[in-house]
Amino acid sequence: MHYYDHAVAFDIVLLCRDNMKRLCYKTNILEKYFPNLLKILAWNPRTYLPEFFDLLPSFMSTSTSLEVLHILLDLPCLSAALEASHLAAKVASDPEAESRLACVQAFQNPDHRPWFNFILRQQSGQGDTINRLEFLHQLLEDLKHHPRVNICSQGVPVLLRLYFETILEQGDYALFCKLVPVIMERSALLYNTHSYHKEVRNVLQTSLLNIFKQSPSLVVDCKTELMEFVASLRYISGKEDFFSHVVWVIGEYVSIGYDRRNTADIITKYYESLETLLYEVCFQAASHDDQCSPRLVTVMMSTVAKLASRCQDLIPRVLLCLTKISQQHKIIVDDVENKILVSRANELINLLKLPNVASSILSPTPGIENGRWHSDGNVSIPILIKTIKEVVQV
């Protein structure tokens, strides 16, 4: 496709948009050739964003949704690859021309052809992504500040929001099970353009929360991927906000109230994954290495306390863990954030010393916020509130 020919690109986009229903119901053209169509947007990001906003849902089906997500996240990389291809073509047509850009030399290198062939593919169904995607990002590193690439990256969050709105409305549980590991993996694997990482991760983390809110049972069916994610420090560096959302999801939904399969064994395995990481964080603080923010540590402490309130065999281990973290942060630094962290740790310790109270506060019944508990004669909210006050003041 001559994506750089403005007249051809204009006609193709309008043809697809104006005949979208017919193309969707009577052909598979949009599902099959969306990688080629998206080249038009990657090359003309300022011109065709509204049209592709209309077209995007028509690219998505049960078989293509994951590939659509990958190519949206790689749209700035696609823009850079098209620019490298265009520059290489100019060099090839002019014997005297020479490009010092590493990306052009990489494009001309036969050893790197498979990666460029993939990102510049014309049809879907050739694989969602590639194992060495990060290597392709490195090959195109010198184009990350190119104006076309930067403008393209600004449109991706808008398209991603529409993508996830469509997924939440039309997707099924099986698709969610495939989508969750991809979201976690790609949060750490994005093309390094200006402010792109932060904006895209904001969309990914918000969408991840919405997916789990709609299907809480995912904490059981995706437990392997979630445990691997929260057990490693490498997913934290530069991605604390996203990581804290994943930890919060575990604390919120790993509960028998959401799925009967959340047994004591599963809760214990989740806790052990987080416990390992908490002790690593504690060691980092002691050795003055790159430290996690007090906010993330607080989220992790709250999560392990929630897990302990649902599996009381864990309470002694959690009390020991929280005590060590509290003492470590009390010794090392004396600023406002760490004082808040120590205060939160002490609150959780005092709560866990009263297991029945901890269970009511840290693991309330799902949907409790929608109830009229003050008018229910079977509950004793005033007594519970008084108990909470006494606990936090200890």
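That block above? That's the structure.
Draft legend 1. Local environment of the overall build of the protein. Along its length, the protein carries 21 helices and 0 strands. For the protein, the proportion of contacts with a sequence separation of at least 24, taken over those separated by at least 6, is 75%.

Draft legend 2. Inspection of the packing of aromatic side chains at higher detail. Within the structure shown, the criterion is met by 10 aromatic pairs. A ring pair is formed by Phe-34 and Phe-59, whose centres lie 5.7 Å apart and whose planes are at 20°; its orientation type is stacked. Taken together, the residues Phe-34 in helix α3 (residues 29-43) and Phe-59 in helix α4 (residues 49-59) connect sequence positions 25 residues apart. Considered together, Phe-34 and Phe-59 belong to a single accessibility category, that of buried residues. Judged by centre distance (5.0 Å) and plane angle (75°), the rings of Tyr-253 and Tyr-258 are edge-to-face. Accessibility expressed as a relative area gives 7% for Tyr-253, which makes it buried. Connected via pairs of aromatic rings, a cluster forms that spans Phe-229, Tyr-235, Phe-242 and Phe-243. A cation sits over an aromatic face here: Arg-132 above Phe-135, 4.4 Å from the ring centre. Geometry around Trp-43 places Arg-148 over its ring, the cationic atom sitting 3.7 Å from the centre.

Draft legend 3. Representation of the packing of helix α14 (residues 223-230) against helix α15 (residues 240-253). Here α14 crosses α15 at 130°, and the two axes come no closer than 11 Å. Taken together, the axis directions place α14 and α15 in an arrangement best described as oblique. Crossing of α14 over α15 shows left-handed handedness. Listed contacts from α15 to Leu-226, Phe-229 and Val-230 of α14 are Phe-242, Phe-243, Val-246, Val-247 and Ile-250. Classifying every residue of the contact of α14 with α15 by side-chain character gives 8 nonpolar, no polar and no charged.

Draft legend 4. Representation of the side chain of Ser-232 within the structure. Mapped onto the secondary structure, Ser-232 falls in the loop between α14 and α15. When its relative accessible area of 18% is taken as the criterion, Ser-232 is described as buried. One polar contact links the side chain of Ser-232 to the main-chain amide nitrogen of Arg-234, over a distance of 3.3 Å. Excluding anything up to four places from it in sequence, Ser-232 contacts Phe-243 and Leu-277.

Draft legend 5. Region of the structure containing the environment of Leu-136. If you trace the backbone, Leu-136 turns up in helix α9 (residues 133-139). Assessed through its relative accessible area of 0%, Leu-136 is described here as buried. Taking the C-alpha atoms as reference points, Leu-136 and Ala-106, separated by 30 residues in sequence, lie 9.6 Å from one another.

Draft legend 6. Empty space enclosed by the protein, seen in detail. Applying the stated criterion across every chain, the model contains 1 cavity of 30 Å³ or more. Together, Leu-41, Pro-45, Leu-49, Leu-75, Ile-151, Cys-152, Gly-155, Val-156 and Leu-159 line the largest cavity. A per-element tally of the lining of the largest cavity places helix α10 (residues 147-170) first, with 5 residues. Within the lining of the largest cavity, the residues separate by chemical class into 8 nonpolar, 1 polar and no charged.

Draft legend 7. Expanded view of the environment of His-70. Among the secondary structure elements, His-70 is positioned in helix α5 (residues 65-73). Here Arg-186 takes part through its side chain, which lies 3.0 Å from a polar atom of the side chain of His-70.

Draft legend 8. The arrangement of the packing of α3 against α4 in detail. At a minimum axis separation of 10 Å, α3 and α4 run at an interaxial angle of 160°. One way to sum up the angle between α3 and α4 is to call them roughly antiparallel. As α3 packs across α4, the resulting crossing turns out to be left-handed. Facing Leu-30, Glu-31, Phe-34, Leu-37, Leu-38, Ile-40 and Leu-41 of α3, the residues of α4 in contact are Leu-49, Phe-52, Ser-58 and Phe-59. The residue inventory of the contact of α3 with α4, partitioned by class, reads 9 nonpolar, 1 polar and 1 charged.

Draft legend 9. Highlighting the pattern of salt bridges. Taken as a whole and assessed by the stated rule, the structure comprises 14 salt bridges. We note a salt bridge from Arg-261 to Asp-259, for which the minimum N-O separation is 3.0 Å. Accessibility expressed as a relative area gives 10% for Asp-259, which makes it buried. For the salt bridge of Glu-347 with Arg-344, the shortest nitrogen-to-oxygen distance reads 3.6 Å. Taken together, the residues span about one helical turn, with Glu-347 and Arg-344 both in helix α19 (residues 336-352) at a distance of 3 residues. According to the relative accessible area criterion, Glu-347 is partly exposed, its value standing at 26%. When its relative accessible area of 26% is taken as the criterion, Arg-344 is described as partly exposed. In the salt-bridge network here, residues are joined through shared partners; they are Arg-17, Asp-18 and Glu-51.

Analysis parameters
- Residues numbered from 1 in each chain as written.
- Predicted model: local features only at pLDDT ≥ 70, side-chain atom pairs only at ≥ 80, totals over all residues.
- Heavy atoms only, no water.
- Helix = DSSP H or I, 4+ residues; strand = E, 2+ residues; numbered from the N terminus.
- Contact = heavy atoms within 4.5 Å.
- Phe/Tyr/Trp six-rings, centres within 6.5 Å; stacked < 30°, edge-to-face > 60°.
- Buried < 20%, exposed > 50% of the residue type's maximum accessible area, 1.4 Å probe, protein only.
- Lys NZ or Arg CZ within 6 Å of the ring centre and 35° of its normal.
- Axes fitted to C-alpha atoms, helices over the stretch in contact; angles between N-to-C directions.
- Parallel < 35°, antiparallel > 145°, perpendicular 65-115°, else oblique.
- Left-handed = near helix turned anticlockwise from the far one by under 90°.
- Nonpolar A, V, L, I, M, F, W, Y, C, P; charged D, E, K, R; others polar.
- Polar contact = N/O pair within 3.5 Å; in protein donor to acceptor, adjacent residues only side chain to side chain.
- 1 Å grid on protein atoms, 1.4 Å probe; cavity = no way out; pocket = protein on both sides within 12 Å on 5 of 7 lines; lining within 4 Å.
- Points joined across faces, edges and corners; volume = space filled by probe spheres on them.
- Salt bridge = Lys/Arg side-chain N within 4 Å of Asp/Glu carboxyl O.

All quantities given are derived from atomic positions and should not be read as evidence of function.
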